[in-house]
Amino acid sequence: MHGTGRRIRRATAAEGAGESGLAKLIELHALNAFGDMLITVALASTIFFSVPTGEARGRVALYLLVTMAPFALLAPVIGPLLDRLPHGRRAAMAMSMLARAVLAWTMAGVVTGGGLALYPEALGVLVASKAYGVVRSVVVPRLLPSRLSLVKANSRVTLAGLLATMVAAGVGGLLHLIGPGWPLRGAFLVFVAGTLMAFHLPHTVDSAKGEQRAVLHAEEHPPGHHGVLHGRGAPAPEPAAGQRPKASLRTVGPSVILALRAMAAMRWLVGFLVMFLAFLLREEPVGGLQPTLALALVALAAGTGNAIGSALGSWLRPRSPEMTVTAMLLLAGSATAAAALWYGTVTVVTVAATAGTAASLGKLSLDALIQRDVPESVRTSAFARSETLLQMSWVAGGAVGILLPLNGALGLSVAAAVLGAVLLWTLRSLLRVGVRHRRAAPRVA
């Protein structure tokens, strides 16, 4: 174990990540993913696998109502609220870990019954997890070593989380054999360790020198208002002497909005597939497979696709992220349409893998565009607000997936139609915006 730990530390600290502090964030994110997966195993075993399909669907619908509905109201507040607290990012990450540690320990005592009291606690875990995700997306640019691009750094962080998730799934299954509450007790220990580790991140994480807030808007401001970018991404006129630009009027440019719209559709698809296929394959497994085996194949395909997307993002150096994110949306839409037309084992596994790859590589392209087009003073805010929107898209997709009838062709046709509409909108925006090859803006020191 000591030798394995040394090899892991050497991998996370490569290419200057150890000196900049990025390695510590990678390890913290792995702990976060590990703990979240343990909680997922505990909740899935109680809400989903322990009861018949009809009752399970009702329980998950109740879970969505009690947790996702309040979260839909809270999520738009999380990003802007954290955006206004730039000096406490380490504390915010530590508090998200500590909150989940307390909630995991509390849920361990009530998870066996699966009663209504479990759901508000699950809502707290969800909010704390999404808050961590927003802050983490903000922190990565501040810990970027000179030898790594933002896309490569984000792919390294994401890949560490995926590996930790796969290990945690096995560990959670073993702990569940001891008792339903043991995965939650394991999550408690993981999040306590994460709370302490968050305070070991470099102090630059809490620095907000020169930062201002952004709005996710691409068009030119009305006369008399001073933004950083106007409609085509060109610099806006400087304000008159003695006049300070208003931070609330900052804009991110049309290319970022194009990529954000496409990524929101792909996150919607991921949320939809998670909920829809979970119930569909349990009720009507494809290819005559056992329900557990069918779900395992789809989960493995999705995880593999996500890892492939992260690896491609680390290896590729895309010069036109607009084209990359549009191509990923086209790929995801085509795979979904094919699965709707020829519903079967191969197509279902393919759409899961394709959605994972497209969402992962598309997110890395969005990060590259934010780094390229958004000025340094508002880049941190743009990361926070874009991440919040993507989280909301996942929630919306999951809600649609639970509400649709359990018909594979129908459900996947609806998903393909949604992605097709967004693809046409994205292609129209791409023709208007064009593809630029401008170098990335200077990074935060």
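None of the values given here were measured: they were computed from a predicted structure.

Calculation rules
- The residue count restarts for each chain, going from 1 along the sequence in the order it is written.
- In keeping with the predicted nature of the model, local features appear solely for residues at pLDDT of at least 70, side-chain atom pairs appear and are counted solely at 80 or more, and the whole-chain, interface and lining totals rest on all residues.
- For the side-chain quantities, the full set of heavy atoms in the structure was used; hydrogens and water were omitted.
- Stacked, tilted and edge-to-face are the three classes assigned to paired rings of Phe, Tyr and Trp, where Trp is represented by its six-membered ring and a pair needs centres within 6.5 Å; plane angles under 30 degrees give stacked, over 60 edge-to-face, the rest tilted.
- Put simply, DSSP marks the helices as runs of H or I at least four residues long and the strands as runs of E at least two long, and each gets a number from the N terminus on.
- A simple rule labels every residue: compare its accessible area, found with a 1.4 Å probe on the protein chains alone, to the largest value its type can have, and call it buried under 20%, exposed over 50%, or partly exposed in between.
- Put simply, a charge is over a ring when the Lys NZ or the Arg CZ is close to the ring centre, within 6 Å, and near the line of the ring normal, within 35 degrees.
- Nitrogen and oxygen atoms within 3.5 Å of one another constitute a polar contact, given that in protein one can donate a hydrogen and the other can accept it, and given that sequence-neighbouring residues count only through two side-chain atoms.
- Whether two residues are in contact is decided by their heavy atoms, any of which lying within 4.5 Å being enough.
- Here an axis means a line fitted to C-alpha atoms, over the contact stretch when the element is a helix, while the angle between two N-to-C directions is reported on a 0 to 180 degree scale.
- Roughly parallel covers angles under 35 degrees, roughly antiparallel covers those over 145, roughly perpendicular covers 65 to 115, and oblique covers all other angles.
- It is the rotation of the near helix from the far one that decides the hand of a crossing: anticlockwise by less than a right angle makes it left-handed, clockwise makes it right-handed.
- Each residue receives one of three labels: charged for Asp, Glu, Lys and Arg, nonpolar for Ala, Val, Leu, Ile, Met, Phe, Trp, Tyr, Cys and Pro, and polar for the others, Gly being one of them.
- A helix is expected to span 1.5 Å for every residue after the first.
- We define the nonpolar core as a collection of buried residues of types Ala, Val, Leu, Ile, Met, Phe, Trp, Tyr and Cys that are connected through side-chain atoms lying within 4.5 Å of one another.
- What pLDDT reports is the predictor's confidence in each residue, on a scale of 0 through 100.

A. Main features of the packing of aromatic side chains. Here the structure, examined in full by the defined rule, presents three aromatic pairs. Taking 4.9 Å as the distance between ring centres and 55° as the angle between the ring planes, the aromatic pair formed by Trp105 and Phe188 counts as tilted. Of this pair, Trp105 sits in helix 5 (residues 89-108) while Phe188 sits in helix 8 (residues 182-198), and the two are 83 residues apart along the sequence. Among the residues examined, Phe188 registers a relative accessible area of 24% and is labelled partly exposed. Seen from their ring centres, Phe272 and Phe276 are 5.1 Å apart, and the 15° between their planes marks the pair as stacked. Linking Phe272 with Phe276, this pair stays in helix 9 (residues 254-283), spanning four residues, or about one helical turn. This pair shows no difference in class: Phe272 is buried, exactly as Phe276 is. Every member of this aromatic cluster is reached through a ring pair, and the members are Trp268, Phe272 and Phe276. Lying across the ring of Trp425, Arg261 places its NZ or CZ 4.0 Å from the centre.

B. Highlighting the side chain of Arg100. Tracing the backbone shows Arg100 in helix 5. Look at Arg100 and you get buried, because its relative accessible area is 0%. A polar atom in the side chain of Arg100 sits 2.9 Å from the side chain of Asp36. With near-sequence residues (within four places) excluded, Arg100 lies in contact with Asn32, Asp36, Val125, Ala128, Ser129, Tyr132 and Phe191.

C. Just the packing of helix 5 against helix 8, in detail. For the pair helix 5 and helix 8, the least separation of the axes is 8 Å and the interaxial angle reads 165°. Judged on the interaxial angle alone, helix 8 and helix 5 are roughly antiparallel. Along this stretch, helix 5 crosses helix 8, giving a crossing that reads as left-handed. The residues of helix 8 that touch helix 5, namely those facing Arg90, Met93, Ala94, Met97, Leu98, Arg100, Ala101, Ala104, Trp105, Met107 and Ala108, are Leu184, Arg185, Ala187, Phe188, Phe191, Val192, Gly194, Thr195 and Ala198. Here the residues of the contact of helix 5 with helix 8 sort into 15 nonpolar, two polar and three charged.

D. Up close: helix 5. Here helix 5 contains 20 residues, and its C-alpha end-to-end distance of 29 Å stays within 8% of the 28 Å for a straight helix at 1.5 Å per residue. Where helix 5 is concerned, the buried positions are Arg89, Arg90, Met93, Ala94, Ser96, Met97, Arg100, Ala101, Leu103, Ala104, Met107 and Ala108.

E. Layout of the nonpolar core. Counting 98 residues, the largest nonpolar core has Leu22, Leu25, Ile39 and Met93 as its most contacted members. Here Met93 is in contact with Leu25, Leu28, Tyr132, Val135, Arg136, Val139, Ala198 and Leu201, once residues within four sequence places are set aside.

F. Seen up close, the packing of helix 11 (residues 321-341) against helix 12 (residues 345-373). In contact at an axis separation of 8 Å, helix 11 and helix 12 are set at 165° when each is read in the N-to-C sense. When the axis of helix 11 is compared with that of helix 12, the two are roughly antiparallel. Here the hand of the crossing between helix 11 and helix 12 comes out left-handed. Across from Pro321, Glu322, Thr324, Val325, Met328, Leu331, Ala332, Ala335, Thr336, Ala338 and Ala339 in helix 11, the residues of helix 12 making contact are Thr347, Val351, Thr354, Thr357, Ala358, Leu361, Gly362, Ser365, Ala368, Leu369 and Arg372. Along the lines of polarity and charge, the residues of the contact of helix 11 with helix 12 split into 13 nonpolar, seven polar and two charged.

G. Expanded view of the environment of Ser413. Note that Ser413 resides in helix 14 (residues 408-433). With 72 residues separating them along the chain, Ser413 and Leu341 place their C-alpha atoms 8.0 Å apart. A distance of 2.6 Å separates the side chain of Ser413 from the backbone oxygen of Ala409, its partner in a polar contact.

H. Inspection of the confidence of the model for the chain at higher detail. When pLDDT is averaged along the chain, the result is 76, and 70% of the positions lie at 70 or above. Across the chain, helix 8 holds the top mean pLDDT of 93, while helix 4 (residues 53-83) sits lowest at 59. Low pLDDT (under 50) marks residues 220-249, which in the prediction has 49 contacts with non-local residues, meaning those over four places away or in another chain. The model gives residues 437-445 a pLDDT under 50, and that stretch makes 26 contacts with residues more than four places away or in other chains.

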